[in-house]
Every structure is written in structure tokens, then in C-alpha cells.
Amino acid sequence: MKYSKVRSLLGIEPGKKDDLRLAAFTHYLQNYHTPAGEFFREAAGQYVRQRSAELKLGYVPALESLLPDRWDVAFPPNVNPDFTFIDLFAGIGGFRVALQNLNGKCVFTSEWNKYAKQTYEVNFGEVPFGDITTIDETQIPGHDILTAGFPCQPFSLAGVSKKNSLGREHGFLDQTQGTLFFDVARIIKEKRPKAFLLENVKNLVSHDRHKTFPIILQTLRELDYHVHYRVLDGRHYVPQHRERIVIVGFDNQLFDGKADFRFPALPPVSSCLADILDDDETFTRNFTLSDELWRYLRDYAEKHRLKGNGFGLAAPGCITRTLSARYHKDGSEILIPQHGANPRRLTPRECARLQGYPDDFRIVVSNTQAYRQFGNSVVVPLMQAVGEEILRTLGIRENRPYLPEVASGPVVGQAELLL
Ligand SMILES: C[S@@+](CC[C@H](N)C(=O)[O-])C[C@H]1O[C@@H](n2cnc3c(N)ncnc32)[C@H](O)[C@@H]1O
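Overview of the structure. (Residues numbered from 1 in each chain as written. Predicted model: local features only at pLDDT ≥ 70, side-chain atom pairs only at ≥ 80, totals over all residues.)

The next subject is the site of the ligand. The environment of the ligand is formed by 20 residues, the closest being F89, G91, G94, G149 and S377. In terms of residue class, the shell around the ligand is made up of ten nonpolar, eight polar and two charged. (Near = placed C-beta within 6 Å. Nonpolar A, V, L, I, M, F, W, Y, C, P; charged D, E, K, R; others polar.)

Here is the structure:
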């Protein structure tokens, strides 16, 4: 049976409520033939029984009869994978596209936003589990690589002082309690992946007056991982200036503290905005700013000229500013000039390309949600390049001589015209 048939038979509709059983069912379909499948089998069976009753099917299909023999989704699971991974704070699966491209198999996903879940399911045929803070780490299958783009929050001292008052020693892990990084750390502690790949905004380093980042590093080291980190710019792969901190770690217990890892040598900046623009003008005109919004942006830019705030008119031969999750509001960070009309925003598909998503990635949500999703996402080919180096360290990819690093010079042809 095709996945789409199973989907319509059981009326799979992600995001209606945080349905653990639905997530378990789709995870089971993806993993039934591996040890990971056992983690989901029981809840998957419960889901089938529950849906059969709700839909008044008059019978309960056997779980085995629902296993898809064809994955008619854009990014089906790899059949003979070289490694396994999990996708935490999965968003729309930027890490998943990257690591599936490297012949990896995802065995667990968590994302709580209902629209992101919809995008995820339609592209991968899997519904993510919801709130990671409620998921018991022992219920997550073992995996080689853990990926996460966790939201960053200041570490409150509340938990620590309580422990102190009880006269107990506390480690760095304790200091992260109540934050989403803590959930990443407790899963690493329990499952001990061979490696992890974490991504965050560049400002993580200075977050909360430089208090957050050292605690993150110390926590990961306390868990006995060898940690590497670097700020990398997506512009080496896509026509967008997007600097992110990438943190990679390897289990010291496995590598005896000698994991030989280097961040990828980044290729020269070669693509420009024109490469990703849609050429169907009758369609793109729909994204033209209204007179009112365009006037507002110009007035705002005029008022804040001295502070350097304003909007970015992106020239087609150049790269853009960073796409943010708030792009849906006014599109001010990346505007495309048009002849004889106000500038326009990028279309959601152009945003997908700006993050390195292939065109077969399906967009099924409203424009507002799609802008949020791509603005929150990772630059897929950059994560793939880092993933490839992780695989070399793990001995899953052959080693090759490292190419010399390309110096991070000025952005080629960057044109951000601040009016
Ligand atoms: C920066 S985005 C990650 C984007 C992702 N790497 C991608 O490629 O699309 C962080 C995601 O974490 C999700 N999130 C935040 N808190 C969560 C929680 N408690 N449980 C599960 N997901 C959560 C958000 O909904 C958001 O989609």
C-alpha cells in the first residue's frame, strides 16, 4: 500500500492535537523493520484501534497490513542507511533533508508547532512527537547523531539555588534545568549518540551577557563529549548572508578523546539572488508591497537612518540579508525592486530556495506560516556539509585530504541599500 493510501484510510491530519499515538504510528511505519520500530509498536497499534473506532470502519486493520510498500512523499526514508539520527526542534526538517541526503535514517522527531508538523508530515511521511519537555528520554531510540536547533533561553538560577540549599553538589547540567537546552542535554546523557550537531543564532555566544554559552559548552563537556564550535555563514551555499553558530561534539568514551574533526572548507561565494528568483512575473507581482506599507517602511527608514535601521533592497546580482521568522510581517529585510511598481517580498518558494531546499519540498501551509517556517530553518546544504565531516570523523565517509579554507572576505557584491 502507498503511504498516501494509509494516510487517507486513517484520516491522518497532523497538528489537530498533540497526538502521541499518531506520531508513534507514523514513526512505526518508518522504522518497523529496525530495533527503533519496537519503541513505537504498542502506541501505533493503539492508534489504529482508536482511529478504526472513531471512523467507524467496522474492523481494525492489522498493523502489518498498513506498512507502506511505497513512500509517495517528497523525501522518503532511505532503505539501506549508513547511520541513524534524531531531529529535535525539527521545524520543517532542514536537518532531515541534509542528513537523508547523506544516506541517514531518522528514527525520532520532535516539534510542537502544528503548522510545522503539517509541513513535516507531507514531506517526510512522519508526524513529529510534540513538546520535548514531556518526552521521557528512555523512550527515544538509540541513534548515531543527534541534531537540534534549540531556542535559546537564559539559564535561571532557581533550580540551582534550591539544590544548593539542600546542600547538594550541582554540575553544569543542573544549571540548565527549565531550559530547552536541558532537554537536549538529558537526551544526550541517556542515549549517548556518537555525535551531535547543534545549530543556533550567532548571538548565542553573547546571550544573557555571555552567561549562556559557557554553560552550554561546559555541560556538553561534563557529559564527556569533545566539543567543536564555529560561526558559519550560509552564503557559501546559498545567496543569503546567514551566520549561525554550529556546535559539534563527539563521545569521548568512544573516541578516547581523540575525535579528529574539522569544519568543512567552505566553497567560494558563487550564487546570487537572481539564481533563486521566480521568473513568472504575473505570479510574483502578487507579492508587491501596498502603497501604505511601502510608505511606512520608507518613513521608518528615514527616521532611523542614523541608527542604520531600515529595509534591504536586494539587487539580483548580490546576496540577501538574513531571512528571519518575522519576514511575513513586512518583508523589510529582503525586498526585490520591480520596474514600474513598489518592491515585492520573496515568495515562499523563493524563501525555500534561499535556505537551500530543493524545489520538490512541498509547501502546504499559508504564506504567513511558510515565511515563519523557512525563516526559522537551517541552510540545508551548509548542514549537509557539516554532516559530511561528522561522518568522516565517525568513519562512515572516507577520509580525504582537507581542502584549504576559503578566507571569509567581504561579501561578494553584497548590496543592502539602506535608504
Ligand atoms: C529554530 S526552530 C528549528 C528549525 C529547524 N532546525 C528547521 O530546519 O526547520 C526551533 C523549533 O523548535 C520548536 N520548539 C520550541 N519549543 C519546543 C518544544 N518544547 N518541543 C518541541 N518543539 C519545540 C519551535 O516550534 C521551532 O519550530
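Within strand β2 (residues 104-109), six of the six residues are buried, which leaves the element mostly enclosed by the surrounding structure. Pairing between strand β1 (residues 83-88) and β2: five bridges, direction parallel. Residue pairing for β2: D87 is matched across the bridge by T109. The β-α-β motif built from β1, the intervening helix α5 (residues 94-101) and the parallel element β2 has right-handed crossover chirality. (Buried ≥ 20, exposed ≤ 12 C-beta atoms within 10 Å, placed from the backbone. Helix = DSSP H or I, 4+ residues; strand = E, 2+ residues; numbered from the N terminus. Pairing = 2+ DSSP bridges. Right-handed = clockwise from strand over helix to strand, strands pointing away.)

Of all hydrophobic cores here, the largest spans 97 residues; its most connected members are L146 and V184. Take this core: its biggest share by element is seven residues, from helix α18 (residues 380-393). When residues are assigned to domains, this core turns out to be shared by domain 1 (1-72) and domain 2 (273-376), each giving three or more. (Core = buried A, V, L, I, M, F, W, Y, C linked by C-beta atoms within 7 Å. Domains from an automatic or database assignment.)

What follows covers unusual backbone geometry. Most peptide bonds take the trans form, and the phi angle of most residues other than glycine is negative. A positive phi angle, near 50°, is found at D208, a position not held by glycine. Tracing the chain through its elements places D208 in helix α10 (residues 207-210). Of the residues examined, D208 has 13 C-beta atoms within 10 Å and is grouped as partly exposed. In the Ramachandran plot, R209 falls in the positive-phi region, its phi being about 50° despite a non-glycine side chain. Along the chain, the position of R209 falls in helix α10. With 7 C-beta atoms counted inside 10 Å, the residue R209 sits in the exposed group.

Along the chain, Y3 turns up in helix α1 (residues 3-9). Residue classification places Y3 among the buried residues on the basis of 23 C-beta atoms within 10 Å.

Now for the environment of K5. Tracing the chain through its elements places K5 in helix α1. Taking the C-alpha atoms as reference, K5 lies 9.9 Å from R70; in sequence the two are 65 residues apart.

Our next topic: the packing of α5 against α18. Here α5 crosses α18 at 50°, and the two axes come no closer than 8 Å. Relative to α18, the element α5 is oriented oblique. The handedness of the crossing between α5 and α18 is right-handed. Of the residues in α18, those touching α5 at G94, F95, V97, A98, L99 and N101 are V380, M383, Q384 and G387. Taken together, the residues that form the contact of α5 with α18 break down as six nonpolar, four polar and no charged. (Axes fitted to C-alpha atoms, helices over the stretch in contact; angles between N-to-C directions. Parallel < 35°, antiparallel > 145°, perpendicular 65-115°, else oblique. Left-handed = near helix turned anticlockwise from the far one by under 90°. Contact = placed C-beta atoms within 7 Å.)

The subject of this paragraph is the sheet that holds strand β5 (residues 225-233). As summarised here, the arrangement of the six strands in space is β2-β1-β3-β4-β6-β5, forming an open sheet in which the pairing is mixed. Sheet topology places β2 and β5 at the edges, where each strand pairs with a single neighbour. Strand after strand, the sheet turns through a mean of 20° between neighbouring axes, direction not considered. As defined by bridge partners, β5 adjoins strand β6 (residues 243-251) across nine bridges and the pair is classed as antiparallel. Within β6, the residue paired with H226 across the bridge is F250. Relative to the sheet, helix α9 (residues 180-191) contacts β1, β3 (145-148) and β4 (195-201), its axis offset from that of β3 by approximately 175°.

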